[in-house]
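Given next are the chains, with one letter for each unit.
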Amino acid sequence: MLKKYSRYCTMNLFDRHVVIDVETAQSYDHVIEIAAVEVVGGTISPRSFVRRVKPRSAMSPFCYAVHRISLADLENEPHFEEVVHELIEFVGDDTIVAHNYAYEYNTLKREFERASRPTYPRERFFCTMALAKRSGLPGKLRHACSQAGISIAHLRDAHDALNDALLAAHLFLKLNPAKRP
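Notes on the structure in this doc start here. (Residues numbered from 1 in each chain as written. Predicted model: local features only at pLDDT ≥ 70, side-chain atom pairs only at ≥ 80, totals over all residues. Heavy atoms only, no water.)

**As for the state of the cysteines**
Using the criterion set out here, one finds 0 disulfides in the structure. The thiol of Cys63 is not disulfide-bonded; the next cysteine sulfur, from Cys127, is found 19 Å away. With a relative accessible area of 5%, Cys63 lands in the buried category. The exposure class assigned to Cys127 is buried, which follows from its relative accessible area of 12%. (Disulfide = S-S within 2.5 Å. Buried < 20%, exposed > 50% of the residue type's maximum accessible area, 1.4 Å probe, protein only.)

Rendered as C-alpha cells:
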C-alpha cells in the first residue's frame, strides 16, 4: 500500500505518527541517542523506542554541552547498524514528526547510509518547528512548549532524546488537534 505524505499534517482520530528526536556526537552526525514516541490520533501512546548508540566519531564539546552524554557513557552500547532494524520496525510506514526535522532527517540519512539501508524519504517528515513558527511561537523546542502552555519545569538543563521527543509530541498535538471522523 502506497502511503501519501504531506508537508501539512492533518490528523484524523486513528492516524499514527512517530515523533523522533536524536542526540549526536557531532552536529548533524553520529547518533548517540535516539527516541521515538507513538502518537495515535490525539493521544501520546505509552509505546516508545529509546536507544543509546556508540558513535564512530569523537564527541564534539558543543554536543556534549547540550546533552551531557560522554563517550565513556556509551562504551558498552551497540553501534547504529545494530539497532536500525528495531527503529525501522517501530516507525513502520507512518509519518515521522520531528522538531527542526532537517536535523533529524540529515542525521538519520547519514546513519542509514553508513548502515547500508535505504533512507527515509524527506516527504515522510513533518516539522513541529515550522508548525510552531506558523503559530507565532519561537523556534526552539523548549521555548515554544513553554509559550504554548506545555510544562518544561520537570526537565533538567541537559537534553535527552526521549524528553525532547515527548515535548515535540505534546507540541504537535497542541498545535494540530485531531479531527473527529
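There is more to say after this.
**Section: helix α3 (residues 101-114)**
Its 14 residues place the ends of α3 20 Å apart at the C-alpha level, agreeing with the 20 Å of an ideal helix rising 1.5 Å per residue. Here α3 has its buried residues at Tyr101, Tyr103, Glu104, Tyr105, Thr107, Leu108, Glu111 and Phe112. Where the residues of α3 are buried, they touch β1 (16-26), β2 (29-40), α2 (80-91), β4 (95-98) and β5 (125-127). (Helix = DSSP H or I, 4+ residues; strand = E, 2+ residues; numbered from the N terminus. Expected span 1.5 Å × (residues − 1). Contact = heavy atoms within 4.5 Å.)

**Observations concerning unusual backbone geometry**
Unusually for a residue other than glycine, Tyr28 sits at a positive phi of about 65°. Its place among the elements puts Tyr28 in the loop between β1 and β2. Judged by its relative accessible area of 33%, Tyr28 falls in the partly exposed class. In this structure, Arg68 takes a positive phi of about 60° despite not being glycine. Note on placement: Arg68 falls in the loop between α1 (61-67) and α2. Taking relative accessible area as the criterion, Arg68 reaches 48% and is therefore assigned partly exposed.

**Quick notes on the packing of aromatic side chains**
The full count for this structure, using the stated rule, is 7 aromatic pairs. Here the aromatic rings of Phe80 and Phe112 are separated by 5.8 Å at their centres, their planes lie at 50°, and the arrangement is tilted. Taken together, the residues span a long stretch of sequence, with Phe80 in helix α2 and Phe112 in helix α3 at a distance of 32 residues. A relative accessible area of 3% places Phe80 in the buried class. (Phe/Tyr/Trp six-rings, centres within 6.5 Å; stacked < 30°, edge-to-face > 60°.)

**A short note on the nonpolar core**
Core analysis: the biggest nonpolar cluster contains 25 residues, and Ile20, Ile34, Phe80, Leu87 and Leu108 have the highest contact counts within it. Those elements that provide at least two residues to this core are β1, β2, α2, β4, α3 and β5. Examining the composition of this core, we find that 6 residues originate from one element, α2, more than from any other. In contact with Ile34, not counting residues within four places along its chain, are Ile20, Asp21, Val22, Phe49, Val50, Arg51, Leu87, Leu108 and Ala161. (Core = buried A, V, L, I, M, F, W, Y, C linked by side-chain atoms within 4.5 Å.)

**Here's the deal with the pattern of salt bridges**
Side chains that carry opposite charge are capable of pairing whenever their charged atoms lie near each other. The tally for this structure, following the rule as stated, stands at 11 salt bridges. Notably, a salt bridge pairs Asp29 with Arg114, separated by 2.6 Å at the nearest N-O pair. Placement of Asp29 in strand β2 and of Arg114 in helix α3 is noted, with a sequence separation of 85 residues between them. For Asp29, a relative accessible area of 15% puts it in the buried group. Residue Arg56 is joined to Glu81 by a salt bridge in which the shortest nitrogen-to-oxygen separation is 2.2 Å. (Salt bridge = Lys/Arg side-chain N within 4 Å of Asp/Glu carboxyl O.)

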